[in-house]
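Residue-level listing of the chains:
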Amino acid sequence: MKKPSNFGCHHTKITILQYSNGGIRVVVSTANLFSKDWEDKTQGLWISPHLPPLPEYANLSEGESGTNFKKDLRKYLSKYENPALHQWIEIVKRANFFDVNVFLVASVPGDYKPNITRWGHRKLSRILSHYAALPKDASKWPLIAQSSSIGSLGSSYKKSWLSEEIVVSMSHPQKTTQESKRPEFKFIYPSLKNYKHSYDCNRSFCLSYSMDMHDKQKWIELYLYQWRAERTGRTRAMPHIKSYTRVSPDLKRILWFVLTSANLSKAAWGVKQENKYSIKNFEAGVVFLPKFITATTTFPIKDRGNSAVPIFPIPYDLPLHRYHESDTPCITRKSLHSYQPSANTDPKSMVQNELLEDEYN
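Residues numbered from 1 in each chain as written. Predicted model: local features only at pLDDT ≥ 70, side-chain atom pairs only at ≥ 80, totals over all residues. Heavy atoms only, no water.

**A look at the overall build of the protein**
Scanning the protein from N- to C-terminus turns up eleven helices and 14 strands. Per-residue burial for the protein yields a buried fraction of 53% across its 361 residues. (Helix = DSSP H or I, 4+ residues; strand = E, 2+ residues; numbered from the N terminus. Buried < 20%, exposed > 50% of the residue type's maximum accessible area, 1.4 Å probe, protein only.)

**Some details on the packing of helix 4 (residues 120-131) against helix 5 (residues 161-169)**
For the pair helix 4 and helix 5, interaxial distance at closest approach is 8 Å and the crossing angle is 40°. With respect to helix 5, the element helix 4 is oriented oblique. Only W161, E165, I166 and S169 of helix 5 make contact with helix 4, whose side of the interface consists of H121, S125 and L128. (Axes fitted to C-alpha atoms, helices over the stretch in contact; angles between N-to-C directions. Parallel < 35°, antiparallel > 145°, perpendicular 65-115°, else oblique. Contact = heavy atoms within 4.5 Å.)

**Considerations on the pattern of salt bridges**
This structure, assessed with the given rule, holds seven salt bridges. In this structure, K41 and D200 form a salt bridge, with 3.3 Å as the shortest nitrogen-oxygen distance. Taken as a pair, K41 in the loop between helix 1 (35-39) and strand 3 (45-47) and D200 in the loop between helix 6 (192-196) and helix 7 (211-216) lie far apart in primary sequence, 159 residues in all. For the pair formed by K41 and D200, the shared burial category is buried. (Salt bridge = Lys/Arg side-chain N within 4 Å of Asp/Glu carboxyl O.)

**Focus: the pairing of strand 13 (residues 283-288)**
Extensive coverage of strand 13 is indicated by the burial of six of its six residues. Neither face of strand 13 is exposed, since E283, G285 and V287 on one face and A284, V286 and F288 on the opposite face are all buried. Pairing between strand 4 (residues 103-107) and strand 13: five bridges, direction antiparallel. Pairing of F103 across the sheet is with V287, part of strand 13. (Pairing = 2+ DSSP bridges.)

**Considering the packing of aromatic side chains**
Under the definition given, this model contains 21 aromatic pairs. An angle of 50° between the planes, with centres 6.2 Å apart, marks the rings of F185 and Y223 as tilted. Placement of F185 in strand 7 (residues 185-188) and of Y223 in the loop between helix 7 and strand 8 (224-225) is noted, with a sequence separation of 38 residues between them. One aromatic cluster in this structure is built from Y157, F185, F187, Y189, Y209, W219 and Y223. Above the ring of Y277, the side-chain terminus of R122 is found at 4.5 Å from the ring centroid. (Phe/Tyr/Trp six-rings, centres within 6.5 Å; stacked < 30°, edge-to-face > 60°. Lys NZ or Arg CZ within 6 Å of the ring centre and 35° of its normal.)

**As for the packing of helix 2 (residues 69-78) against helix 3 (residues 86-93)**
The geometry of helix 2 relative to helix 3 is characterised by a closest axis approach of 10 Å and an angle of 175° between their N-to-C directions. Regarding the angle of helix 2 to helix 3, the classification is roughly antiparallel. Seen from helix 2, the contacting residues are K70, L73, R74, L77 and S78; seen from helix 3, they are I89, V92 and K93.

**Topic: the environment of S107**
Assignment of secondary structure puts S107 in strand 4. Distance in space between the C-alpha atoms of S107 and H121 is 8.4 Å, their sequence separation being 14 residues. Here S107 is in contact with Y76, W119, G120, A268, W269, I279, N281, F282 and E283, once residues within four sequence places are set aside. Within the local environment of S107, its side chain forms a polar contact with the backbone oxygen of A268, the two atoms lying 2.6 Å apart. (Polar contact = N/O pair within 3.5 Å; in protein donor to acceptor, adjacent residues only side chain to side chain.)

**Concerning the sheet that holds strand 5 (residues 110-112)**
Spatially, 5-12-11 is the arrangement adopted by the three strands of the open sheet, whose pairing is antiparallel. Among the strands making up the open sheet, the edge pair consists of strand 5 and strand 11 (271-273). Here the strands of the sheet are splayed against their neighbours by 35° on average, with no regard to which way each runs. Across three bridges, strand 11 lies against strand 12 (residues 276-279) in antiparallel orientation. Each bridged residue has a counterpart across the sheet, and for K272 the counterpart in strand 12 is Y277.

**Here's the deal with the sheet that holds strand 3**
In spatial order, the strands read 1-2-3; together these three strands make up an open sheet with antiparallel pairing. Of all the strands in the sheet, just strand 1 (14-18) and strand 3 have a single pairing partner and so form its edges. Across this sheet, the average inter-strand angle for adjacent strands is 15°, counted without regard to direction. Contacts between helix 3 and the sheet are confined to strand 1 and strand 2 (24-29), with strand 1 contributing the most and set at about 70° to the helix.

Take a look at the structure:
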(Lines give C-alpha, C1' and ligand atoms only; values in the text may rest on other atoms or scores of the structure.)
Protein backbone atom coordinates (compact mmCIF):
# COMPACT_ATOMS: atom_id res chain seq x y z
CA MET A 1 0.00 0.00 0.00
CA LYS A 2 1.19 3.50 -0.77
CA LYS A 3 2.15 4.90 2.61
CA PRO A 4 0.54 8.26 3.43
CA SER A 5 2.90 11.00 4.62
CA ASN A 6 3.41 11.80 8.28
CA PHE A 7 0.56 14.30 7.92
CA GLY A 8 -1.82 11.87 6.24
CA CYS A 9 -3.64 8.68 7.13
CA HIS A 10 -5.71 5.85 5.74
CA HIS A 11 -9.22 7.03 6.54
CA THR A 12 -11.38 5.13 4.03
CA LYS A 13 -14.08 2.76 5.27
CA ILE A 14 -15.07 0.48 2.35
CA THR A 15 -16.26 -3.13 2.58
CA ILE A 16 -16.75 -5.51 -0.35
CA LEU A 17 -18.92 -8.55 0.47
CA GLN A 18 -18.91 -11.59 -1.80
CA TYR A 19 -21.81 -14.06 -1.82
CA SER A 20 -21.83 -17.77 -2.58
CA ASN A 21 -23.45 -17.08 -5.97
CA GLY A 22 -20.46 -14.90 -6.93
CA GLY A 23 -22.34 -11.64 -6.55
CA ILE A 24 -21.05 -8.79 -4.38
CA ARG A 25 -22.18 -5.75 -2.43
CA VAL A 26 -20.09 -2.65 -1.83
CA VAL A 27 -20.49 -0.76 1.44
CA VAL A 28 -19.16 2.78 1.86
CA SER A 29 -19.27 3.83 5.49
CA THR A 30 -18.12 6.45 7.99
CA ALA A 31 -17.71 3.88 10.79
CA ASN A 32 -14.49 2.10 11.73
CA LEU A 33 -14.48 -1.57 12.73
CA PHE A 34 -14.66 -0.66 16.39
CA SER A 35 -17.66 -1.49 18.59
CA LYS A 36 -18.20 2.01 20.00
CA ASP A 37 -18.35 3.44 16.49
CA TRP A 38 -21.45 1.31 15.86
CA GLU A 39 -23.06 1.54 19.30
CA ASP A 40 -22.70 5.12 20.50
CA LYS A 41 -22.08 7.34 17.47
CA THR A 42 -24.04 8.73 14.55
CA GLN A 43 -22.68 7.15 11.39
CA GLY A 44 -23.65 6.86 7.73
CA LEU A 45 -23.75 3.82 5.43
CA TRP A 46 -24.37 3.38 1.74
CA ILE A 47 -25.00 -0.24 0.74
CA SER A 48 -25.08 -1.11 -2.92
CA PRO A 49 -27.70 -3.35 -4.49
CA HIS A 50 -26.69 -6.97 -4.96
CA LEU A 51 -24.30 -6.88 -7.93
CA PRO A 52 -24.46 -10.21 -9.77
CA PRO A 53 -21.49 -11.62 -11.70
CA LEU A 54 -21.42 -10.94 -15.41
CA PRO A 55 -22.02 -13.93 -17.70
CA GLU A 56 -18.85 -15.82 -18.56
CA TYR A 57 -19.06 -14.72 -22.19
CA ALA A 58 -19.52 -11.03 -21.32
CA ASN A 59 -16.94 -8.40 -22.13
CA LEU A 60 -15.45 -7.27 -18.81
CA SER A 61 -15.95 -3.66 -19.85
CA GLU A 62 -19.69 -4.30 -19.55
CA GLY A 63 -21.70 -3.99 -16.36
CA GLU A 64 -20.94 -0.31 -15.79
CA SER A 65 -23.31 2.10 -14.10
CA GLY A 66 -24.37 5.48 -15.45
CA THR A 67 -22.12 6.99 -12.79
CA ASN A 68 -18.96 5.02 -13.75
CA PHE A 69 -18.83 3.65 -10.21
CA LYS A 70 -17.21 0.38 -11.28
CA LYS A 71 -14.42 2.11 -13.19
CA ASP A 72 -13.76 4.54 -10.33
CA LEU A 73 -13.71 1.78 -7.70
CA ARG A 74 -11.22 -0.26 -9.73
CA LYS A 75 -8.96 2.78 -10.15
CA TYR A 76 -9.15 3.49 -6.44
CA LEU A 77 -8.32 -0.07 -5.36
CA SER A 78 -5.40 -0.22 -7.79
CA LYS A 79 -3.85 2.82 -6.09
CA TYR A 80 -3.06 0.72 -3.01
CA GLU A 81 -0.49 -1.18 -5.08
CA ASN A 82 -1.14 -4.19 -2.85
CA PRO A 83 -0.99 -7.71 -4.37
CA ALA A 84 -3.57 -8.91 -1.83
CA LEU A 85 -6.17 -6.72 -3.54
CA HIS A 86 -5.63 -8.11 -7.04
CA GLN A 87 -8.28 -10.82 -6.57
CA TRP A 88 -10.78 -8.22 -5.35
CA ILE A 89 -10.09 -5.95 -8.30
CA GLU A 90 -10.84 -8.94 -10.55
CA ILE A 91 -14.03 -9.67 -8.60
CA VAL A 92 -15.13 -6.05 -9.07
CA LYS A 93 -14.23 -6.23 -12.77
CA ARG A 94 -16.47 -9.30 -13.19
CA ALA A 95 -19.49 -7.81 -11.35
CA ASN A 96 -22.47 -6.07 -12.93
CA PHE A 97 -22.71 -2.55 -11.47
CA PHE A 98 -25.54 -1.46 -13.77
CA ASP A 99 -27.97 -0.74 -10.87
CA VAL A 100 -25.60 1.52 -8.91
CA ASN A 101 -26.94 5.08 -8.97
CA VAL A 102 -24.39 7.03 -6.91
CA PHE A 103 -20.94 8.40 -7.73
CA LEU A 104 -17.76 7.37 -5.94
CA VAL A 105 -15.59 10.29 -4.77
CA ALA A 106 -12.26 9.19 -3.34
CA SER A 107 -8.93 10.68 -2.28
CA VAL A 108 -5.51 9.09 -2.80
CA PRO A 109 -2.26 10.51 -1.35
CA GLY A 110 -0.02 12.20 -3.85
CA ASP A 111 0.94 15.37 -5.69
CA TYR A 112 -0.97 15.84 -8.92
CA LYS A 113 -1.20 18.28 -11.81
CA PRO A 114 -3.25 21.35 -10.82
CA ASN A 115 -6.09 20.55 -13.23
CA ILE A 116 -6.61 16.91 -12.20
CA THR A 117 -10.24 15.97 -11.58
CA ARG A 118 -9.87 12.33 -10.56
CA TRP A 119 -9.53 12.68 -6.79
CA GLY A 120 -10.65 14.83 -3.85
CA HIS A 121 -12.74 17.96 -4.12
CA ARG A 122 -11.74 18.39 -7.77
CA LYS A 123 -13.55 15.13 -8.58
CA LEU A 124 -16.64 16.31 -6.70
CA SER A 125 -16.49 19.63 -8.54
CA ARG A 126 -16.47 17.86 -11.91
CA ILE A 127 -19.46 15.69 -10.98
CA LEU A 128 -21.53 18.63 -9.73
CA SER A 129 -20.63 20.80 -12.70
CA HIS A 130 -21.73 18.15 -15.17
CA TYR A 131 -24.77 16.62 -13.51
CA ALA A 132 -26.28 18.77 -10.74
CA ALA A 133 -29.15 21.08 -11.69
CA LEU A 134 -28.61 24.62 -10.46
CA PRO A 135 -31.73 26.70 -9.70
CA LYS A 136 -31.98 30.37 -10.66
CA ASP A 137 -31.71 31.40 -7.01
CA ALA A 138 -28.72 29.13 -6.39
CA SER A 139 -26.82 31.75 -4.38
CA LYS A 140 -29.57 31.53 -1.74
CA TRP A 141 -29.10 27.78 -1.25
CA PRO A 142 -26.52 27.54 1.59
CA LEU A 143 -23.76 24.95 1.63
CA ILE A 144 -23.94 22.88 4.82
CA ALA A 145 -20.83 20.94 5.84
CA GLN A 146 -20.74 18.57 8.79
CA SER A 147 -17.77 16.58 10.10
CA SER A 148 -16.05 15.24 13.22
CA SER A 149 -12.71 16.97 12.69
CA ILE A 150 -11.47 20.34 11.46
CA GLY A 151 -8.17 20.95 9.72
CA SER A 152 -6.14 24.08 9.06
CA LEU A 153 -8.41 26.42 7.09
CA GLY A 154 -6.59 29.75 6.92
CA SER A 155 -6.24 33.10 8.70
CA SER A 156 -9.67 34.39 7.60
CA TYR A 157 -12.69 33.09 5.73
CA LYS A 158 -12.14 35.12 2.56
CA LYS A 159 -8.49 34.08 2.34
CA SER A 160 -9.05 30.50 3.41
CA TRP A 161 -8.72 27.19 1.58
CA LEU A 162 -12.30 26.67 2.68
CA SER A 163 -13.61 29.70 0.78
CA GLU A 164 -11.29 29.55 -2.23
CA GLU A 165 -11.36 25.80 -2.90
CA ILE A 166 -14.04 23.85 -1.02
CA VAL A 167 -16.91 26.33 -1.34
CA VAL A 168 -16.00 26.97 -4.98
CA SER A 169 -15.88 23.24 -5.81
CA MET A 170 -19.22 22.63 -4.09
CA SER A 171 -20.84 25.62 -5.82
CA HIS A 172 -20.82 24.16 -9.33
CA PRO A 173 -17.90 26.44 -10.33
CA GLN A 174 -18.48 26.41 -14.06
CA LYS A 175 -21.78 28.15 -13.43
CA THR A 176 -21.00 30.34 -10.40
CA THR A 177 -17.52 31.76 -10.78
CA GLN A 178 -18.25 35.12 -9.17
CA GLU A 179 -17.61 35.40 -5.43
CA SER A 180 -20.89 37.28 -4.96
CA LYS A 181 -22.79 34.24 -6.26
CA ARG A 182 -21.20 31.70 -3.95
CA PRO A 183 -23.55 30.22 -1.35
CA GLU A 184 -23.52 31.01 2.35
CA PHE A 185 -21.38 28.51 4.26
CA LYS A 186 -22.65 26.78 7.42
CA PHE A 187 -20.70 24.21 9.41
CA ILE A 188 -22.09 21.70 11.91
CA TYR A 189 -19.53 20.69 14.50
CA PRO A 190 -20.35 19.64 18.10
CA SER A 191 -19.93 22.26 20.79
CA LEU A 192 -18.45 21.40 24.16
CA LYS A 193 -22.01 21.50 25.51
CA ASN A 194 -23.05 18.93 22.88
CA TYR A 195 -20.28 16.64 24.03
CA LYS A 196 -20.98 17.04 27.75
CA HIS A 197 -24.56 15.85 27.22
CA SER A 198 -23.62 13.02 24.86
CA TYR A 199 -23.33 9.27 25.31
CA ASP A 200 -19.59 9.71 24.71
CA CYS A 201 -18.96 11.95 27.72
CA ASN A 202 -16.28 10.42 29.95
CA ARG A 203 -16.33 7.23 27.86
CA SER A 204 -14.85 7.80 24.43
CA PHE A 205 -13.98 10.59 22.03
CA CYS A 206 -14.45 10.78 18.26
CA LEU A 207 -13.86 14.51 17.66
CA SER A 208 -10.50 15.87 16.55
CA TYR A 209 -9.85 19.60 16.68
CA SER A 210 -6.90 20.95 18.63
CA MET A 211 -6.73 24.08 20.75
CA ASP A 212 -3.61 25.22 18.86
CA MET A 213 -5.44 24.95 15.57
CA HIS A 214 -8.52 26.79 16.81
CA ASP A 215 -6.43 29.66 18.18
CA LYS A 216 -5.27 30.33 14.60
CA GLN A 217 -8.75 30.39 13.07
CA LYS A 218 -11.29 31.57 15.63
CA TRP A 219 -13.21 33.18 12.79
CA ILE A 220 -14.72 29.73 12.17
CA GLU A 221 -16.96 30.32 15.20
CA LEU A 222 -19.02 32.72 13.04
CA TYR A 223 -19.99 29.75 10.86
CA LEU A 224 -20.53 27.07 13.53
CA TYR A 225 -23.80 25.33 14.36
CA GLN A 226 -24.73 22.82 17.06
CA TRP A 227 -25.18 19.12 16.46
CA ARG A 228 -28.94 18.57 16.77
CA ALA A 229 -30.78 15.40 15.67
CA GLU A 230 -33.99 15.34 17.73
CA ARG A 231 -36.03 14.07 14.77
CA THR A 232 -34.05 10.82 14.74
CA GLY A 233 -33.32 10.72 18.48
CA ARG A 234 -29.57 11.06 17.90
CA THR A 235 -28.68 14.40 19.46
CA ARG A 236 -26.72 12.60 22.19
CA ALA A 237 -25.01 10.28 19.70
CA MET A 238 -21.95 12.27 18.64
CA PRO A 239 -21.52 12.54 14.86
CA HIS A 240 -18.72 10.53 13.35
CA ILE A 241 -20.60 10.88 10.06
CA LYS A 242 -19.27 13.39 7.51
CA SER A 243 -21.69 14.98 5.07
CA TYR A 244 -22.04 17.90 2.67
CA THR A 245 -25.14 19.28 0.94
CA ARG A 246 -26.92 22.38 -0.35
CA VAL A 247 -30.38 23.12 1.02
CA SER A 248 -33.18 25.30 -0.30
CA PRO A 249 -34.06 28.60 1.44
CA ASP A 250 -37.36 27.09 2.66
CA LEU A 251 -35.48 24.05 4.07
CA LYS A 252 -37.61 21.59 2.09
CA ARG A 253 -35.22 20.39 -0.62
CA ILE A 254 -31.56 19.64 -1.27
CA LEU A 255 -29.63 19.74 -4.56
CA TRP A 256 -27.35 16.79 -3.76
CA PHE A 257 -25.82 14.97 -0.80
CA VAL A 258 -22.30 13.68 -0.11
CA LEU A 259 -21.68 10.94 2.48
CA THR A 260 -17.97 10.45 3.01
CA SER A 261 -15.09 9.63 5.32
CA ALA A 262 -13.54 13.02 4.46
CA ASN A 263 -13.51 15.60 7.23
CA LEU A 264 -13.18 19.31 6.52
CA SER A 265 -9.43 19.30 5.94
CA LYS A 266 -6.84 19.82 3.21
CA ALA A 267 -5.38 16.38 3.88
CA ALA A 268 -8.72 14.77 3.12
CA TRP A 269 -9.96 16.83 0.17
CA GLY A 270 -6.74 18.16 -1.39
CA VAL A 271 -5.22 21.62 -1.69
CA LYS A 272 -3.62 23.66 -4.47
CA GLN A 273 0.05 24.31 -3.71
CA GLU A 274 1.91 26.41 -6.28
CA ASN A 275 1.93 24.22 -9.40
CA LYS A 276 0.43 21.06 -7.90
CA TYR A 277 -2.68 19.65 -6.24
CA SER A 278 -1.74 17.75 -3.07
CA ILE A 279 -3.72 15.12 -1.12
CA LYS A 280 -2.49 13.42 2.06
CA ASN A 281 -5.23 10.91 3.01
CA PHE A 282 -6.99 7.90 1.60
CA GLU A 283 -10.72 8.77 1.72
CA ALA A 284 -13.91 7.51 0.11
CA GLY A 285 -17.48 8.70 -0.17
CA VAL A 286 -20.57 8.62 -2.38
CA VAL A 287 -22.50 11.42 -4.07
CA PHE A 288 -26.31 11.22 -4.30
CA LEU A 289 -27.69 13.19 -7.26
CA PRO A 290 -31.46 13.38 -7.95
CA LYS A 291 -30.94 13.01 -11.70
CA PHE A 292 -29.64 9.45 -11.25
CA ILE A 293 -31.87 8.33 -8.37
CA THR A 294 -35.30 9.94 -8.70
CA ALA A 295 -35.10 11.57 -12.17
CA THR A 296 -35.80 14.94 -10.55
CA THR A 297 -33.70 18.07 -9.92
CA THR A 298 -33.90 18.02 -6.11
CA PHE A 299 -34.50 15.62 -3.21
CA PRO A 300 -37.37 16.48 -0.83
CA ILE A 301 -36.27 16.50 2.82
CA LYS A 302 -39.59 17.47 4.44
CA ASP A 303 -43.05 17.55 2.88
CA ARG A 304 -43.17 15.61 -0.39
CA GLY A 305 -46.36 17.36 -1.49
CA ASN A 306 -47.95 15.34 -4.28
CA SER A 307 -44.65 13.81 -5.30
CA ALA A 308 -43.96 10.08 -5.08
CA VAL A 309 -40.26 10.81 -4.49
CA PRO A 310 -39.26 9.60 -1.00
CA ILE A 311 -37.87 12.03 1.56
CA PHE A 312 -34.08 12.05 1.69
CA PRO A 313 -32.85 11.23 5.24
CA ILE A 314 -30.41 13.99 6.19
CA PRO A 315 -28.75 13.22 9.57
CA TYR A 316 -29.44 16.48 11.46
CA ASP A 317 -32.34 18.83 12.25
CA LEU A 318 -33.31 21.88 10.25
CA PRO A 319 -33.35 24.77 10.84
CA LEU A 320 -29.81 24.72 12.19
CA HIS A 321 -29.02 26.05 15.66
CA ARG A 322 -26.20 28.57 15.75
CA TYR A 323 -23.65 28.52 18.59
CA HIS A 324 -24.55 30.82 21.47
CA GLU A 325 -22.02 33.47 22.51
CA SER A 326 -20.93 31.28 25.44
CA ASP A 327 -20.46 28.15 23.30
CA THR A 328 -17.10 26.83 22.17
CA PRO A 329 -16.33 24.00 19.76
CA CYS A 330 -15.30 20.72 21.35
CA ILE A 331 -11.51 21.09 21.41
CA THR A 332 -8.64 18.84 22.45
CA ARG A 333 -5.42 20.10 23.99
CA LYS A 334 -3.38 18.33 21.31
CA SER A 335 -3.96 17.21 17.77
CA LEU A 336 -5.02 13.58 17.78
CA HIS A 337 -2.45 12.98 15.01
CA SER A 338 0.33 13.81 17.46
CA TYR A 339 -1.27 12.21 20.52
CA GLN A 340 -0.38 8.52 20.75
CA PRO A 341 -1.90 6.87 23.85
CA SER A 342 -0.38 3.63 25.03
CA ALA A 343 -2.21 0.34 24.70
CA ASN A 344 -3.12 0.54 28.40
CA THR A 345 -4.50 4.08 28.29
CA ASP A 346 -7.95 4.29 29.84
CA PRO A 347 -10.31 6.08 27.36
CA LYS A 348 -11.93 7.97 30.23
CA SER A 349 -8.57 9.36 31.35
CA MET A 350 -7.64 10.24 27.79
CA VAL A 351 -10.82 12.26 27.28
CA GLN A 352 -10.51 14.08 30.60
CA ASN A 353 -6.87 14.95 29.97
CA GLU A 354 -7.39 16.03 26.38
CA LEU A 355 -10.46 18.25 26.76
CA LEU A 356 -10.09 21.83 27.83
CA GLU A 357 -10.34 21.22 31.55
CA ASP A 358 -11.35 24.74 32.54
CA GLU A 359 -14.38 24.52 30.21
CA TYR A 360 -15.12 20.88 30.91
CA ASN A 361 -15.20 21.26 34.70
